[in-house]
Amino acid sequence: MYYITLMTITLIYAIAVMGLNITMGYAGQVNLGQAAFLGIGAFTSAILTTRLGLSFWVALPLSALSAFLVGILLGAISIRLRYDFLAMTTIGFNFITVAIFLYYPIFGGSFGIVGIPRPVLFGLKLRGPAYLGLVAAVFVLCVLLNLWLERSWLGMAFETIREDEHAAQAVGVDVRTFKILAFAIGAGMAGLAGSLYAHFKMCVAYSDFMFARSIELLSMCVLGGLGTIYGPVLGSALIILLPEAFRPLRAYRLIMHTAILILLIRFQPQGLLGRGSFLQRKLRELLGGLRFGSQ
Amino acid sequence: MREEGLMELTTSLFLQLIFQGLIMGVIYATIALGLTMVYGLLRILHIAHASVYTWGAYVALTVYLATHNILLAILACSAVCAILGIAIERGLYLPMLDKPAYVPLIMSVATYLLMCELCANIWGHYPLGFHVAEMPRESYNVGGVVIGVHQLTLLAIISGLIVVLWFIINRTKIGLASRAVAQDQDVAKVMGINVRKIVDFNFIVSSVLAGIGGTLVGMYYAELKPYMGDVVAYKALVVIVLGGLGSVPGAIVGSLILGIAETFLIAFFGHLLPREAFAFIIMIVLLLFRPQGLFGKVE
Amino acid sequence: MSFAERKWIAITIAAIIMVAAIVGVGVWLLTRPTPGPVSPIKIGFHAPLTGFAAADGYSALHGALLAVRHINEAGGVLGRPLQLVYYDDKCNPDEAVAIAHKLIEEDGVVAAVSGSYSHPTLAASSIFNDAGVPYIAAYAVHPDIVKDKPYVFRVGLNGQCEGKSMGYIAFDKLGAKKVAILCMDIPFGITLADNAKAYIEEKGGEVVYYEKYELGETDFSAWLTEIKSLQDAGNLDALLVTAYYSEAANICKQARDMGITVPIVGCEGFDSPKFIELAGDAAEGVIIVTDLNRDSESELVQKFLRDYKAETGIPADMVGASAYDAVFLLAKAIEEAGSTDPAKICDALRSFRDVEIVTGTLKYFTEQGNACKTMVAQIVKNGEFHFYAEIMVPELITPPE
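Owing to the predicted nature of the structure, the values given are computational and were not obtained by experimental measurement.

*Asks:* Looking at this structure, I do not really get the overall build of chain C. What am I missing?
*Replies:* Across its full length, chain C holds 13 helices and 15 strands. Referenced to the eigenvectors of the C-alpha coordinate spread, the extents of chain C come out at roughly 85 × 55 × 40 Å. For chain C, long-range pairs separated by at least 24 residues make up 69% of all intrachain contacts whose partners lie at least 6 apart in sequence.

Written out as structure tokens, the structure is:
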């Protein structure tokens, strides 16, 4: 039964990482503060259900919305910033958000918000396998959204911006709007994940969304392969499940995340199965015509 | 959340806050200087610098506990930091110079976190006491301002080191060469400057400064924690943006300004936002409206 | 939907199934079914065994293990041996939640005990309550741990009761009319301090000084200077401090160094051999409100103290004793319920009246699951904790809910 818990956590993270993947992998905008959006979604859902007594089904979309709106803000800020400045800004954004979570009493101070209720569907409390079903449903929705995005004008615009921003501007792509959208969509997905996270853990606090968590999400994104559909869930599954399979790893989670990041970025920045990576090429040879990544 | 009535700004309070701010400022400077120097040369945000700071302090503590000789400890610390700096430069940054800009940045951040975790695993997660017999801790009340001898010591030593650094940068040949490389690497190469050696030299100097800085800070607070670099690591980003990326005088001035501004803001507006938030908001505003900071170049 | 898109969805779903299969097989391989003619009753346990809180985690674990040993030596529970399934939560709420899931779903525990601090316990308590598994917090203090959770109980002292008792010790026992309070800036510390203040003022005393400090602070000279000047002006009879052992040791040391001679009254956070070790001579004469009476005449307490010292080499403290009691009470509840049914266990716990445990006498569990129990004040003499006074007055020991 325990693997149901593991699967649930894996998929929740995968949703957040999919958001990060859209911002970084597709649109090429570096975001080192994704955990902040996870937190915004989580706290929105927690506050709406515990303090205002709203139903989970109302809180879930509102969490995505609140994160989406803050994502617009960050996106707007990002327009004039180039790479390293943008990275610094997203780090700063993470710190500021967490500081706000800790400082204002509405977020529950250092212990955060407790007693977050489970969602109720047709009178049934969703826990265990039922909750996994809910998370899986949201996950599949996000995958479909991601698929659509990849093949839509939005996805193409993102790609052109990623490859060469100035050229994109020259061709008439409104770089500003799309940058904002890249952040907003990525944030919105993280907001969804945040709500699911809050109702799974039943308590959230500022310490759940600190910079180290952004690094964790980033390592999942990079591991699985930036800019691919299956990358997020693969990266998420590996990073969460490896310590379960190999007990010695459990004590050294952060070391594992950072070491993986360093090694991957150094030798295989596209991720294990990203475009042009070693594994992908081998698999492609093996499987003949099947294409694993959009060209 | 804290409730603070607005305090009266007496002269002694003002001076006290300035003094506290100067102390925070020089502490930030120990990291910010290295950060700005590396950025000037390699255009990389060397956040891993803070792990050199932390490891320097831990190495110094270890040597001190074994030998009870603080000078030996500082020497050992300097040596180890120099090696660490070179290792990071050669092993992590140089191979990544042609990759997109976020690659070395992510590596640097990951390296910082990794080194802190290793530190915690080797020396323990809990604070370690760092009591140095030679560090006197008396305080004197000078006209309403409480000044500690250990505070003056810290100020004096770090300021001294900064002066030495400034001297090196501005009055020696190797300093001149460094500035040339920072300005334009290709031209410098054409002029016959061995860029590799210059980068090595800069890393060594800034790493040693960071290590000694970390040691002094550890002695000042009389304790070391594996994540002691957190306070300075991310704040240093703010400092170098404020001072101007790549500018050494900018880093010095920026550190002092941030230290003092932060102290005043916390004292009077501490009830609005937590300490961390102030610095980063300042940074983001600067990045948006005046990214060259005080002394940087407009790119 | 084009072929390409269908293929994509198929691949994604295949990936998920693949991942689930890998996990499922892996976990199934790792889970060992428990063989044996009489299967043990498993009790879950988590504590910070590594990290900054490791000293307390170690204490709690050994207290719990000792309880299991004693119970099994006496024949076990319902004729079956008791088994403690424990994990290290690193004092981290995320770890605690993961451990809670593991204990419930993988290890199949009948009930669980928290040997950890408030934040991890708080996080795990929601999980245990939601799953309907009885959960007792040994010494974590946050009131939300038990709030509106029928399956969760706390065996530790209640913050308001403890605070009032600190006031009682200062005012009634020490005769202090003017009191200074130095308080750690966390909810627990503030609750203690506020209640001590309210008690003293109600009785006609005066709180002449009340300041808070951050956890982790090492330099208390600023506050102690002001306290000393109060003492020198004849305006101070006692100093009340809420702290954990590390800050407590620093405060006592620095206070005595500075020439502060008034009696110091502390809270359960002082109750640790580490406090005495770090404070050295400065610990002499410090009085604390806690629930472990080293001089108790109860055979149960003395046996615990003896065996704990024999097994670990260090003297027992409140944390270890609380963990012992939590396990002890769970075992007793299972025995009285006659089954491992969670609802029956909780009913049994609620039915307890005046049960003698290591940390005093448990009068009863309140509606919310807090413990109403006697307290005791201990004084440090010759580097050891000894009996100072007993606190049994109903107004002081009854938790508000």
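Still to come is the rest of the account.
*Asks:* Explain the overall build of chain A to me, please; I cannot follow it from the model alone.
*Replies:* Helix and strand content of chain A: 12 helices and four strands. Since a compact globule built from 295 residues should have a radius of gyration of about 19 Å, the 19 Å found for chain A is in line with a globular shape. Seen along its three principal axes, the alpha-carbon backbone of chain A occupies a region of about 50 × 40 × 40 Å. When burial is assessed residue by residue, chain A has 59% of its 295 residues classed as buried. Of the contacts made within chain A by residues no fewer than 6 positions apart, 77% connect residues no fewer than 24 positions apart.

*Asks:* Where do I start with the interface of chain A and chain B in this structure?
*Replies:* By convention, interface size is frequently given as the accessible area that disappears when the constituent parts associate. Chain A puts 32 residues into the contact, and the matching count from chain B is 30 residues. When residues of the side of chain A that touches chain B are traced back to their parent elements, those giving at least two are α4 (83-103), α9 (211-224) and α11 (253-267) of chain A. The element best represented in the side of chain A that touches chain B is α4(A), accounting for 14 residues. A class-by-class count of the residues in the side of chain A that touches chain B yields 26 nonpolar, three polar and three charged.

*Asks:* Looking at this structure, I do not really get the sheet that holds strand β14 (residues 375-381) of chain C. What am I missing?
*Replies:* By definition, the strands of a sheet pair up through backbone hydrogen bonds, in either a parallel or an antiparallel sense. Residues and elements named next belong to chain C. Pairing in this open sheet of seven strands is mixed, and the strands run β7-β6-β8-β9-β10-β14-β15 from one edge to the other. Looking at strand neighbours, the two that pair on one side only are β7 (206-213) and β15 (384-391), the edges of this open sheet. Sheet twist, expressed as the average angle between the axes of neighbouring strands with direction ignored, equals 25°. In this structure, strand β6 (residues 178-184) lies alongside strand β8 (residues 238-242), joined through five bridges in parallel fashion. Residue pairing for β8: I181 is matched across the bridge by L240. Each of β6, β7 and β8 touches helix α6 (residues 187-202); the most contacted strand, β6, lies at about 165° to it.

*Asks:* Please clarify how the packing of helix α1 (residues 11-42) of chain B against helix α9 (residues 229-243) of chain B should be interpreted in this entry.
*Replies:* For any two helices packed against each other, the geometry comes down to the angle between their axes and how far apart the axes lie. Residue and element names in this part refer to chain B. The contact between α1 and α9 brings their axes to 8 Å, and the two run at 60°. Between α1 and α9 lies a crossing whose hand is right-handed. The residues of α9 that touch α1, namely those facing I27, Y28, I31, A32, L35, T36 and Y39, are V232, A233, K235, A236, V239, I240 and G243. Its residues assigned to classes, the contact of α1 with α9 shows 11 nonpolar, two polar and one charged.

*Asks:* In this structure, what is going on with the nonpolar core? I would like to understand it.
*Replies:* Nonpolar side chains in soluble globular proteins tend to end up buried together. Counting residues in each nonpolar core, the largest one holds 352 residues, and the members touching the most others are I15(A), I43(C), A64(C), V113(C), V327(C) and L330(C). For this core, the element with the highest residue contribution is helix α1 (residues 2-26) of chain A, accounting for 18 residues. Domain assignment of the residues forming this core places at least three in each of domain 1 (41-157 + 297-369) and domain 2 (159-290 + 379-397) of chain C. Every residue in contact with V113(C), bar those within four places of it in the chain, is listed here: I43(C), F45(C), A64(C), I136(C), A138(C), A323(C), A326(C), V327(C) and L330(C).

*Asks:* Could you clarify how one ought to interpret the domain arrangement of chain C in this entry?
*Replies:* Residues and elements named next belong to chain C. Along its sequence, chain C is organised into domain 1 (41-157 + 297-369) and domain 2 (159-290 + 379-397). Between domain 1 and domain 2, the C-alpha centre-to-centre distance is 29 Å. In this complex, domain 1 contributes eight residues to the contact, which on the side of domain 2 involves 11 residues. A breakdown of the residues in the side of domain 1 that touches domain 2 according to their chemical character gives six nonpolar, one polar and one charged.

*Asks:* In this structure, what is going on with α1(A)? I would like to understand it.
*Replies:* Since one α-helical turn is 3.6 residues long, residues separated by three or four positions face the same way. Residues and elements named next belong to chain A. Its 25 residues give α1 an end-to-end C-alpha distance of 34 Å, which sits within 8% of 36 Å, the value for a rise of 1.5 Å per residue. If you look at α1, its biggest bend is around 30°, right at L20. Counting buried residues in α1 gives 25 out of 25 residues, a clear majority hidden from the surface.

*Asks:* Please clarify how the pairing of strand β1 (residues 41-47) of chain C should be interpreted in this entry.
*Replies:* Put simply, side chains in a regular strand alternate between the two faces of the sheet. All names here are of chain C. β1 sits mainly inside the fold: six of its seven residues count as buried. Where the polypeptide runs from β1 across helix α2 (residues 54-73) and back to strand β2 (residues 82-88), its parallel neighbour, the crossover connection is right-handed. Direction of pairing for β1 relative to strand β3 (residues 111-114): parallel, over a ladder of four bridges. Paired with F45 across the two strands is V113, which belongs to β3.

*Asks:* Is there a simple way to explain unusual backbone geometry in this structure?
*Replies:* Glycine aside, residues mostly have negative phi, and peptide bonds are mostly found in the trans state. Positive phi, close to 65°, is recorded for M202(A), a residue that is not glycine. Note that M202(A) resides in the loop between α8 (175-201) and β4 (203-204). The phi dihedral of K90(C) is positive, around 55°, even though this residue is not glycine. One can find K90(C) in the loop between β2 and α3 (93-107). With 26 C-beta atoms packed within 10 Å, K90(C) lands in the buried category.

*Asks:* Honestly, the pairing of β7(C) in this entry has me stumped. Any pointers?
*Replies:* Residues and elements named next belong to chain C. Taken together, the seven bridges between β6 and β7 define a ladder with parallel strand orientation. Opposite C183, over in β7, you have K212 as the bridge partner. Handedness of the β6-α6-β7 crossover: right-handed.

*Asks:* What exactly am I supposed to notice about the sheet that holds strand β12 (residues 360-365) of chain C here?
*Replies:* All names here are of chain C. The strand order across the open sheet built from three strands is β11-β12-β13, with neighbouring strands paired in antiparallel fashion. The open sheet terminates on both sides in strands that have one partner only, identified here as β11 (355-357) and β13 (371-373). When the angles between neighbouring strand axes are averaged without regard to direction, this sheet yields 45°. For β12 and β13, the ladder comprises three bridges, and the chain directions are antiparallel. Within the sheet, the bridge partner assigned to Y364 lies in β13 and is C372.

*Asks:* Please explain the confidence of the model for chain C as it appears in this structure.
*Replies:* The predicted coordinates of low-pLDDT regions are not to be read in fine detail. When pLDDT is averaged across chain C, the result is 89; 91% of the residues are at 70 or more. Scored by ipTM, the complex comes to 0.80, with pTM at 0.82.

*Asks:* What is the right way to read the packing of α1(B) against helix α8 (residues 195-221) of chain B from this model?
*Replies:* Residues and elements named next belong to chain B. It is the contact of α1 with α8, at a shortest axis distance of 8 Å, that shows an interaxial angle of 165°. Classified by the angle between their axes, α1 and α8 sit roughly antiparallel to one another. Once α1 is placed against α8, the crossing between them reads as left-handed. Counting all contacts with α1, which are made through I27, T30, I31, L33, G34, M37, V38, L41 and L42, the residues of α8 involved are V199, N202, S206, S207, L209, A210, G213 and V217.

*Asks:* I keep staring at the confidence of the model for chain A and nothing clicks. Help me out?
*Replies:* A residue-level look at chain A finds 92% of positions with pLDDT of 70 or above and a mean pLDDT of 86. Mean pLDDT across the secondary structure elements of chain A bottoms out at helix α12 (residues 278-287) of chain A, with 70, and peaks at helix α2 (residues 34-50) of chain A, with 96.

*Asks:* Looking at this model, I keep getting lost on α4(A). Mind explaining?
*Replies:* Helix length check: α4(A), at 21 residues, gives a terminal C-alpha distance of 30 Å against a target of 30 Å (1.5 Å per residue), a fit within 8%. Counted residue by residue, α4(A) has 19 buried out of 21 residues, so it is predominantly covered.

*Asks:* What am I meant to see in the environment of V376(C) here?
*Replies:* Residue and element names in this part refer to chain C. Relative to the assigned elements, V376 resides in strand β14. Through-space distance from the C-alpha of V376 to that of V241 is 17 Å; in sequence the pair is 135 residues apart. Those residues in contact with V376 that sit more than four places away from it in its chain are T290, D291, N293, G360, F387, E390 and I391.

*Asks:* Any chance you could explain the environment of F203(B) here in plain terms?
*Replies:* Residue and element names in this part refer to chain B. For F203, the location among the structural elements is in helix α8. F203 sits in the buried class, given 28 other C-beta atoms within 10 Å. Considered as a pair, F203 and L84 are 119 residues apart in the sequence and their alpha carbons are 9.3 Å apart. The contacts of F203, once residues within four sequence positions are left out, are G85, I86 and E89.

*Asks:* Any chance you could explain the environment of L118(B) here in plain terms?
*Replies:* Here L118(B) is to be found in helix α4 (residues 102-123). In sequence terms L118(B) and P226(B) are 108 residues apart; their C-alpha atoms lie 8.6 Å from each other.

Conventions we followed
- Residues numbered from 1 in each chain as written.
- Chains lettered and ligands numbered in written order.
- Predicted model: local features only at pLDDT ≥ 70, side-chain atom pairs only at ≥ 80, totals over all residues.
- Helix = DSSP H or I, 4+ residues; strand = E, 2+ residues; numbered from the N terminus.
- Contact = placed C-beta atoms within 7 Å.
- Rg over C-alpha atoms; globule rule 2.2 N^0.38 Å.
- Buried ≥ 20, exposed ≤ 12 C-beta atoms within 10 Å, placed from the backbone.
- Nonpolar A, V, L, I, M, F, W, Y, C, P; charged D, E, K, R; others polar.
- Pairing = 2+ DSSP bridges.
- Axes fitted to C-alpha atoms, helices over the stretch in contact; angles between N-to-C directions.
- Left-handed = near helix turned anticlockwise from the far one by under 90°.
- Core = buried A, V, L, I, M, F, W, Y, C linked by C-beta atoms within 7 Å.
- Domains from an automatic or database assignment.
- Expected span 1.5 Å × (residues − 1).
- Bend = angle between axes of the 7 residues up to and from the residue.
- Right-handed = clockwise from strand over helix to strand, strands pointing away.
- pLDDT = per-residue confidence, 0-100.
- Parallel < 35°, antiparallel > 145°, perpendicular 65-115°, else oblique.

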